[in-house]
Amino acid sequence: MLQPFNRIFGLGEKSDPEAEEASYRSDEVIQIPVRSIEPNRFQPRAVFDEEKIKELAQTIHTHGMIQPIVVRKVGEESYELIAGERRWRAIQVLEWEQAPVIVREMTDAETASVALIENLQREELTVIEEATAYAKLLDLHGLTQEALAQRLGKNQSTIANKLRLLKLPESVQMALMEKTITERHARALIKLKDLEKQEKLLQEILGKDLNVKQTEERIIKLSEETEEKKKKRPKLKGVNKDIRIAMNTIRQSLTMVSDTGIDVETDEKDLDEYYQITIKIPKNK
């Protein structure tokens, strides 16, 4: 049942053919106590639809569990889920004491990969859960985005666009998880770059029920305001050479910081006695 995952990431590969054959023979279904099963710590799905779990429970009650849960042993009398968390949750609704399972030997990396890929093959993941799954797979296997895209049969641009969503503030990511905004809203917000502005515009989207086109128009206006503000920076003509050098050095330094991906917000004022530069650096990159 896990062979497709093996082909993608080489999971559970064994150099000894007899050992591999023994592994497949061990895929027998056994009954273990439901209370001895722990959830998968690598589960990418953060939101489970309780109504759909109840519907699945009713189906299992009527027809039985056609596909067993896959687990691995993690203690003397405890097991960790590898695949089948929705089924595991459904039989808890039914208050089953025993669960039909297949016990497999897997490392943490293998367990994580199977959980991630199993969920990616479903359509119910939110875009943030999907992006998180891609990020974890890249980290687990040391792959490039292009290599991951090839293994999953997707376009590299698809992987890249999803991963960019993880740079958005937590409030925007939560809105995506709760489906109060669309992925197109979120991708438009990325253009703002400033985290504080992204969060403010999110509240405007939710409060005024802005569609994607209206959101993009607001972003254009905000960007124009930012550019206009930059043009109003104090001119340094006619001031001491050392002051010009100092101001330009500060500006260049801030540009270098921005180039690292940190959204630095600055405001310059030419006051009677001095130049004032206010710098805002977000705590979360």
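Rules behind the numbers
- Residues numbered from 1 in each chain as written.
- Predicted model: local features only at pLDDT ≥ 70, side-chain atom pairs only at ≥ 80, totals over all residues.
- Heavy atoms only, no water.
- Patch = residues over 30% accessible without salt bridge, like charges linked within 9 Å, V, L, I, M, F, W, Y side chains within 5 Å.
- Areas by Shrake-Rupley, 256 points an atom, 1.4 Å probe, with all protein chains shown as cover.
- Salt bridge = Lys/Arg side-chain N within 4 Å of Asp/Glu carboxyl O.
- Lys, Arg positive; Asp, Glu negative; His and termini not counted.
- Charge placed at Lys NZ, Arg CZ, Asp CG, Glu CD.
- Helix = DSSP H or I, 4+ residues; strand = E, 2+ residues; numbered from the N terminus.
- Contact = heavy atoms within 4.5 Å.
- Pairing = 2+ DSSP bridges.
- Buried < 20%, exposed > 50% of the residue type's maximum accessible area, 1.4 Å probe, protein only.
- Axes fitted to C-alpha atoms, helices over the stretch in contact; angles between N-to-C directions.

Engineer: Can you explain a negative patch on the surface? Please cite residues and give values.
Structural biologist: Taken together, the side chains of Asp49, Glu50, Glu51 and Glu55 define an acidic patch exposed on the protein surface. Assignment of secondary structure puts Asp49 in the loop between strand S2 (37–38) and helix H3 (50–63).

Engineer: Requested: an account of the side chain of Glu85, with residues and values cited.
Structural biologist: For Glu85, the position within the fold is in helix H4 (residues 85–93). In this view, Glu85 contacts Pro39, Asn40, Gln43 and Phe48; residues no more than four positions away in its chain are not counted.

Engineer: Outline the pairing of strand S7 (residues 275–280), supporting the account with residue identities and numerical values.
Structural biologist: Both strand S6 (residues 265–270) and S7 contribute to a ladder of 6 bridges, which runs antiparallel. Bridge pairing in S7 places Asp267 opposite Thr278.

Engineer: So what about helix H9 (residues 170–177)? Which residues, and what values?
Structural biologist: Each full turn of the α-helix corresponds to 3.6 residues, which orients residues three or four apart in the same direction. Residues of H9 that are buried include every one of Val172, Gln173, Ala175, Leu176 and Met177, and no others. Where the residues of H9 are buried, they touch helix H6 (127–141), helix H10 (183–190) and helix H11 (195–208).

Engineer: Quick one: what's the story with the sheet that holds strand S1 (residues 30–33), residue by residue and with numbers?
Structural biologist: Strand order in the open sheet made by the 5 strands is S1-S5-S3-S4-S2, with mixed pairing throughout. Looking along the sheet, the strands with just one partner apiece sit at the ends: S1 and S2. The pairing of S2 with strand S4 (residues 79–83) spans 2 bridges and is parallel. Note on S4: the bridge partner recorded for Ile37 is Tyr79. Those strands touched by H4 are S2, strand S3 (69–73), S4 and strand S5 (98–103), and its axis lies near 125° from that of S4. Contacting S3 and S4, helix H5 (residues 108–120) runs over the sheet at an angle of about 45° to S4.

Engineer: Lay out the environment of Ala112 with the relevant residues and their values.
Structural biologist: Mapped onto the secondary structure, Ala112 falls in helix H5. For the pair Ala112 and Ala133, spaced 21 residues apart in the sequence, the C-alpha separation amounts to 9.4 Å. Dropping the residues within four chain positions of it, Ala112 is found in contact with Phe42 and Leu140.

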